[in-house]
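Here's the letter readout for the chains.
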Amino acid sequence: MPKSLPSSSRRLRTRIGPQTPHLYQPTAARPLRAKANHLTVDTEVVPHAHAWAQFSFSAAGVVRVTVDRGTYLAPPSRAVWVPPGVAHAVTVVEEADLRTLYLHQARGQAGPDVPLDQQSAWRQCRVLEVSDLLRALVLELSTAPDGEERLDAAARERERLIGALVLGEIRRARALPMGVPLPADKRLRALCEAVLEDPGRHATLERWAADVGASTRTLARLFRDELGTSFGQWRQQAQLARALSLAARRTPIAAIAADLGYSSASAFTAMVTRAVGEPPSRFFASAG
């Protein structure tokens, strides 16, 4: 049996059900619906799925969207795209004003009105950059549920025009390498979730292996077989996700580096630059 992880790696979360998505169902007449929720830290919306695509970002705060085989972090400058039918849970990392868009799509369509040769990229979860224009447009959309407002012709036309601009901005949004894949194996899953909670607690796979009661060799093999990567490469993605969360709280680069166990800010800067092609000062600039 795997060992229980230290209590420091387990956080008490308030679990709630899906926040009435059926009251915001997009249709051909209203293909884009917007919903607003204020969620407190460590709240978790339990796994659920719906027949339409979802685009979520925080107007303030940080959320993490987790699906069966991956987890994705979204501070204010990032959004998570969830395709239709994909079960997902939402965890609040930093108290958040969450904005969720629901998109009506034609049968078989994955992305927001993109050409067929681009559909495959939209059939999986992805993290997208939120432009200033996209953010402003989303905040202009009505968040009233069905039955709580009556839109006249002018209001419907305004919603249609804003919606067209929103879809255009989503289509052109830059995809970011901020997804962290998750395994099916229970031992490896426990290790991965512990690393996500505190990636700076241990620096080596050997130390993490002791926490879950598995051999280093077994875990290294599971990383290769289930995730197609090494522990070091996977941990780097987890570190980037944690760093992005800290940057959203305006944490200085030196403090982020220390939190992640780096000996210096320059060593952390070198890691980020290698991973994403630009220094943290630029990559994290909009996260706050």
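Note: the structure precedes this text.
Residues numbered from 1 in each chain as written. Predicted model: local features only at pLDDT ≥ 70, side-chain atom pairs only at ≥ 80, totals over all residues. Heavy atoms only, no water.

**Examining the overall build of the chain**
Short version of the rule: Where helices and strands are cited, they refer to DSSP runs of H or I of at least four residues and of E of at least two residues respectively, numbered from the N terminus. The atom set for the radius of gyration is the C-alpha atoms, and the globule formula is 2.2 Å times the number of residues raised to the power 0.38. Burial classes follow relative accessibility: with a 1.4 Å probe on protein chains only, a residue under 20% of its type's maximum area counts as buried, one over 50% as exposed, and anything between as partly exposed. Throughout, a residue-residue contact means that at least one pair of heavy atoms, one from each residue, lies within 4.5 Å. All accessible areas in this document rest on Shrake-Rupley with a 1.4 Å probe, and a residue is counted as covered only by the protein chains that are shown. When charges are tallied, Lys and Arg are placed among the positive residues and Asp and Glu among the negative ones, while His and the ends of the chain are skipped. By convention, charge coordinates are those of NZ in Lys, CZ in Arg, CG in Asp, or CD in Glu.
Scanning the chain from N- to C-terminus turns up 9 helices and 10 strands. Over its C-alpha atoms the chain spans a radius of gyration of 20 Å, differing by no more than 12% from the 19 Å that the globule rule assigns to 288 residues. Taking the principal axes of its C-alpha atoms as reference, the chain extends roughly 65 × 40 × 40 Å. Here the chain holds 288 residues, and 49% of them are scored as buried. Taking all contacts inside the chain whose residues are at least 6 apart in sequence as the whole, residues at least 24 apart take part in 74%. For the chain, the accessible area works out to roughly 13700 Å², and carbon and sulfur atoms hold 51% of it. If the 37 positive side-chain charges of the chain are averaged to one point and the 28 negative ones to another, these points end up 5 Å apart.

**So, the pairing of strand β3 (residues 43–48)**
The line we're drawing: When DSSP finds two or more bridges between a pair of strands, those strands are recorded as paired.
Where strand β1 (residues 14–16) lies against β3, 3 bridges are found, and the strand directions are parallel. Looking at the pairing, Arg 15 lines up with Glu 44 of β3. When β3 meets strand β7 (residues 88–103), the two strands line up antiparallel, connected through 3 bridges. What sits directly across from His 48, in β7, is His 88.

**Some remarks on the nonpolar core**
Heads up, the condition is: Here, nonpolar core refers to any group of buried Ala, Val, Leu, Ile, Met, Phe, Trp, Tyr and Cys residues whose side-chain atoms link them within 4.5 Å.
Leu 191, Leu 219, Phe 223, Trp 234, Phe 268 and Phe 284 are the most contacted members of the largest nonpolar core, which totals 56 residues. It is helix α6 (residues 231–248) that provides the largest number of residues to this core, a total of 10 residues. Judged by nonpolar contacts, the second largest core, of 21 residues, contains Leu 32, Phe 57, Leu 141 and Ile 170.

**Quick notes on the side chain of Glu 278**
In plain terms, the rule: Any carboxyl oxygen of Asp or Glu that lies within 4 Å of a side-chain nitrogen of Lys or Arg is treated as forming a salt bridge with it.
You can see Glu 278 is positioned in the loop between α8 (265–276) and α9 (280–283). For the buried residue Glu 278, which engages in no salt bridge, the nearest side chain bearing the opposite charge is Arg 174, 4.3 Å off.

**Concerning helix α4 (residues 205–212)**
Along an α-helix, residues three or four positions apart point the same way, because every turn accommodates 3.6 residues. Heads up, the condition is: This arc describes the spread of directions from the helix axis toward the C-beta atoms.
Within α4, the full set of buried residues consists of Leu 205, Trp 208, Ala 209, Asp 211 and Val 212. Projected down its long axis, α4 shows its buried positions confined to an angular sector of 155°, all on one face. A positive backbone phi angle near 70° is found at Gly 213, which sits one or two residues after α4.

**A short note on the pairing of strand β2 (residues 32–39)**
Burial analysis of β2 places 6 of its 8 residues in the buried class, which makes it a mostly covered element. Strand direction decides the pairing type here: β2 and β7, joined by 8 bridges, are antiparallel. The partner of Lys 35 across the bridge, within β7, is Thr 100.

**Thoughts on empty space enclosed by the protein**
Stated formally: In this analysis the probe radius is 1.4 Å and the grid spacing 1 Å, with only protein atoms considered; a cavity is a set of points the probe fits into but cannot get out of, a pocket is an open set with protein on both sides within 12 Å along at least five of seven lines, and lining residues have an atom within 4 Å of a point. Grid points are joined across faces, edges and corners, and a volume is the space filled by probe spheres set on the points. When residue character is reported, Ala, Val, Leu, Ile, Met, Phe, Trp, Tyr, Cys and Pro are called nonpolar, Asp, Glu, Lys and Arg charged, and the others, Gly included, polar.
Summed over all chains, the structure comprises 2 cavities of 30 Å³ or more. Among the elements of the structure, β5 (70–74), β7, α3 (186–197) and α6 are those that each provide at least two residues to the lining of the largest cavity. If you tally residues by element for the lining of the largest cavity, the top one is α6, at 4 residues. Tallied by class, the residues present in the lining of the largest cavity amount to 8 nonpolar, 3 polar and 6 charged. As for the second largest cavity, its lining consists of 15 residues, and the residues nearest its centre are Lys 35, Val 45, His 48, Leu 98 and Thr 100. Going through the elements one at a time, β2, β3, β4 (53–67) and β7 are the ones with two or more residues in the lining of the second largest cavity. Counting residues per element, the lining of the second largest cavity draws most heavily on β7, which supplies 5 residues. Class assignment of the residues belonging to the lining of the second largest cavity gives a composition of 7 nonpolar, 7 polar and 1 charged.

**Some words on the packing of aromatic side chains**
Pairs of aromatic rings are described using the distance from one ring centre to the other and the angle between the two planes. Rules: Pairing of aromatic rings covers Phe, Tyr and Trp, the last counted by its six-membered ring, and requires centre-to-centre distances within 6.5 Å; plane angles under 30 degrees mean stacked, over 60 mean edge-to-face, and any other angle means tilted. To sit over a ring, a charge needs its Lys NZ or Arg CZ within 6 Å of the ring centre and within 35 degrees of the ring normal.
For the structure on display, the rule yields 5 aromatic pairs. A ring pair is formed by Trp 81 and Trp 122, whose centres lie 4.9 Å apart and whose planes are at 85°; its orientation type is edge-to-face. Of this pair, Trp 81 sits in strand β6 (residues 78–82) while Trp 122 sits in the loop between β7 and β8 (126–129), and the two are 41 residues apart along the sequence. The pair formed by Trp 81 and Trp 122 is uniform in burial state, with each residue classed as buried. Centre to centre, the rings of Phe 223 and Trp 234 are 5.9 Å apart; their planes meet at 55°, and the pair counts as tilted. With Phe 223 in helix α5 (residues 216–227) and Trp 234 in helix α6, the pair connects residues that are 11 residues apart, well separated along the chain. The residues Phe 223 and Trp 234 share a single accessibility class, namely buried. Chaining the aromatic ring pairs together yields one cluster made of Phe 223, Phe 231 and Trp 234. Over the face of the ring belonging to Trp 122 we find Arg 126, whose NZ or CZ atom lies 4.5 Å from the ring centre.

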